[in-house]
Amino acid sequence: MKTKLGIIGVPMDLGQLRRGVNMGPSAIRYAGVIERLEKLGYIIDDYGDVDIPTPDRKSNQMQDGLRNLNEVAEGNRRLAEKVERIIEGDAFPLILGGDHSIAIGSLAGIARHYSNLGVIWYDAHGDLNTSDTSPSGNIHGMPLAVSLGLGHDDLTMIGGYREKIKPENIVIIGARSLDSGEKELIRERGIKVFSMHEVDRMGMTAVIQETIQYLKEKTDGVHLSLDLDGLDPNEAPGVGTPVVGGLSYRESHLAMEMLQEAGMITSAEFVEVNPILDEKNKTATLAVELMGSLFGEKLK
């Protein structure tokens, strides 16, 4: 990994209905992310937060079956531009969310700099819905589909090009809540998924080993998109869409440690931290601890 990190917060809460996740970047900073990473020897440039447009609450927030489409699209356009500047400055982009719709902008800014960007999607959900398959119209359930080029042009064409990633370059880890349309898309596109069933049967060591082997030879960079709801709600209560039976604290630290040792992660985002739903900032603190493991923190 690069020794210079560019941190950008994205206080986005418009990709879903539950308020509070816009305070996630502040909660993560309050939990000491900058101090922790500086202790590991990294040079930190904190670029502050992306300015997210405020929708007119008196207007109809649904457009073409999508909630807050205009504002989510504009916020992600601004994020993509900032992420590009971080990469052009030869720094590792570390993005703090915010709901998971921000991955649209993250990947739009990052993928331009790679020919075959890999993505590790550490999440309880597939986030592979479109307006045709989504039961809610919430864009935070769509960023992976959008990044494949599927969905509304206002989202898929952010950055000026449609397909940011290829389905064969994706690995989803921790899935346990998939809609029927997402399951169909996974089958059609051959997307590699390690559900909780596979994690339980194989163990996290084997899951990450297979992930590394699967992505290593065919990608020239790997983006980690970690949704805190990938972990069990007992570990990470401060998330908007908790799903029981998730990944454990120790499994997640092991995953981060193994990815760090592989030296393959070139950008990362940690999303869906909602302080309003949290217990004494537990989830933000966990996010910072996982970042510590991802960036090389050791017990000895």
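Please read these numbers as outputs of a predicted model, since none were measured by experiment. (Residues numbered from 1 in each chain as written. Predicted model: local features only at pLDDT ≥ 70, side-chain atom pairs only at ≥ 80, totals over all residues. Heavy atoms only, no water.)

### Digging into the UniProt feature "binding site: Mn(2+)" (unreviewed entry) in the protein
Residues annotated in UniProt with the feature "binding site: Mn(2+)" (unreviewed entry) correspond here to His100, Asp123, His125, Asp127, Asp227 and Asp229. Look at the named residues: they lie 130 residues apart in sequence, but the longest C-alpha span between them is just 12.2 Å, so in the fold they bunch up. Since its relative accessible area comes to 5%, Asp127 is described here as buried. Among residues more than four places away in sequence, those in contact with Asp127 are His100, Trp121, His140, Gly141, Met142, Pro143, Leu144, Ala145 and Glu182. At 3.2 Å, the side chain of Asp127 forms a polar contact with the side chain of Trp121. With respect to the helices and strands, Asp227 occurs in strand S9 (residues 221-227). For Asp227, the residues in contact, after removing those within four places along its chain, are His100, Tyr122, Asp123, Val271 and Glu272. Of the polar contacts made by the side chain of Asp227, one reaches the side chain of His100; its length is 3.3 Å. (UniProt positions renumbered as here; feature names shortened; annotations may be inferred. Buried < 20%, exposed > 50% of the residue type's maximum accessible area, 1.4 Å probe, protein only. Contact = heavy atoms within 4.5 Å. Polar contact = N/O pair within 3.5 Å; in protein donor to acceptor, adjacent residues only side chain to side chain. Helix = DSSP H or I, 4+ residues; strand = E, 2+ residues; numbered from the N terminus.)

### Some words on the packing of aromatic side chains
Here the structure, examined in full by the defined rule, presents 2 aromatic pairs. Ring geometry for Tyr42 against Phe295: centres 5.4 Å apart, planes inclined by 80°, an arrangement best described as edge-to-face. Of the two residues, Tyr42 is situated in the loop between helix H2 (33-39) and strand S2 (43-49) and Phe295 in the segment after helix H11 (282-294); the sequence distance between them amounts to 253 residues. Per residue, the accessibility class of Tyr42 equals that of Phe295, and both read buried. With 5.1 Å between their ring centres and 75° between their planes, Phe92 and Phe295 make a pair best called edge-to-face. (Phe/Tyr/Trp six-rings, centres within 6.5 Å; stacked < 30°, edge-to-face > 60°.)

### Let's talk about helix H4 (residues 103-111)
Since the α-helix advances by 3.6 residues per turn, residues separated by three or four positions end up pointing in the same direction. For H4, the tally of buried residues reaches 9 of 9 residues, placing the bulk of the element in the interior. Regarding H4, the residues found buried are Ala103, Ile104, Gly105, Ser106, Leu107, Ala108, Gly109, Ile110 and Ala111.

### Concerning the packing of helix H10 (residues 249-262) against H11
For the pair H10 and H11, the least separation of the axes is 7 Å and the interaxial angle reads 35°. Between H10 and H11, the residues in contact are Tyr249, Ser252, His253, Met256, Glu257, Leu259 and Gln260 and Leu286, Glu289, Leu290, Ser293 and Leu294, respectively. Grouping the amino acids of the contact of H10 with H11 by side-chain chemistry returns 6 nonpolar, 4 polar and 2 charged. (Axes fitted to C-alpha atoms, helices over the stretch in contact; angles between N-to-C directions. Nonpolar A, V, L, I, M, F, W, Y, C, P; charged D, E, K, R; others polar.)

### A few points about the environment of Arg250
Looking at the secondary structure, you find Arg250 in helix H10. The partly exposed category is assigned to Arg250, whose relative accessible area is 46%. Of the polar contacts made by the side chain of Arg250, one reaches the side chain of Glu257; its length is 2.9 Å.

### Things to note about H11
An ideal rise of 1.5 Å per residue puts 18 Å on 13 residues; H11 measures up with 18 Å between its terminal C-alpha atoms. Counting buried positions over the 13 residues of H11 gives 11, a clear majority of the element. For H11, every residue scored as buried is listed here: Thr283, Ala284, Leu286, Ala287, Val288, Glu289, Leu290, Met291, Gly292, Ser293 and Leu294. At the C-terminal side of H11, Gly296 shows a positive phi close to 105°. (Expected span 1.5 Å × (residues − 1).)

### Brief notes about unusual backbone geometry
Gly98 follows Gly97 through a cis peptide bond whose omega is 15°. For Gly98, the position within the fold is in the loop between strand S5 (92-97) and H4. The backbone of Asp90 sits at a positive phi, close to 60°, despite the residue not being glycine. By the secondary structure assignment, Asp90 is in the loop between helix H3 (69-88) and S5.

### A few points about the side chain of Asp99
Locating Asp99 in the fold gives a position in the loop between S5 and H4. No salt bridge is formed by the buried Asp99; the nearest opposite charge belongs to Arg19, separated by 6.2 Å. Polar side-chain contacts of Asp99 include one of 3.3 Å to the backbone nitrogen of Leu14. Excluding its chain neighbours within four sequence positions, the residues that come into contact with Asp99 are Met12, Asp13, Leu14, Gly15, Gln16, Val21, His140, Val271 and Glu272. (Lys, Arg positive; Asp, Glu negative; His and termini not counted. Salt bridge = Lys/Arg side-chain N within 4 Å of Asp/Glu carboxyl O.)

### Section: the pattern of salt bridges
Evaluated as defined, the whole model comprises 14 salt bridges. A salt bridge links Glu297 to Arg36; the shortest N-O distance between them is 3.0 Å. Within this pair, whereas Glu297 is found in the segment after H11, its partner Arg36 is found in helix H2, the two being separated by 261 residues in sequence. When its relative accessible area of 23% is taken as the criterion, Glu297 is described as partly exposed. Here Arg36 falls in the partly exposed class, since its relative accessible area comes to 27%. Put simply, Glu210 and Lys192 hold a salt bridge, and the shortest N to O gap is 4.0 Å.

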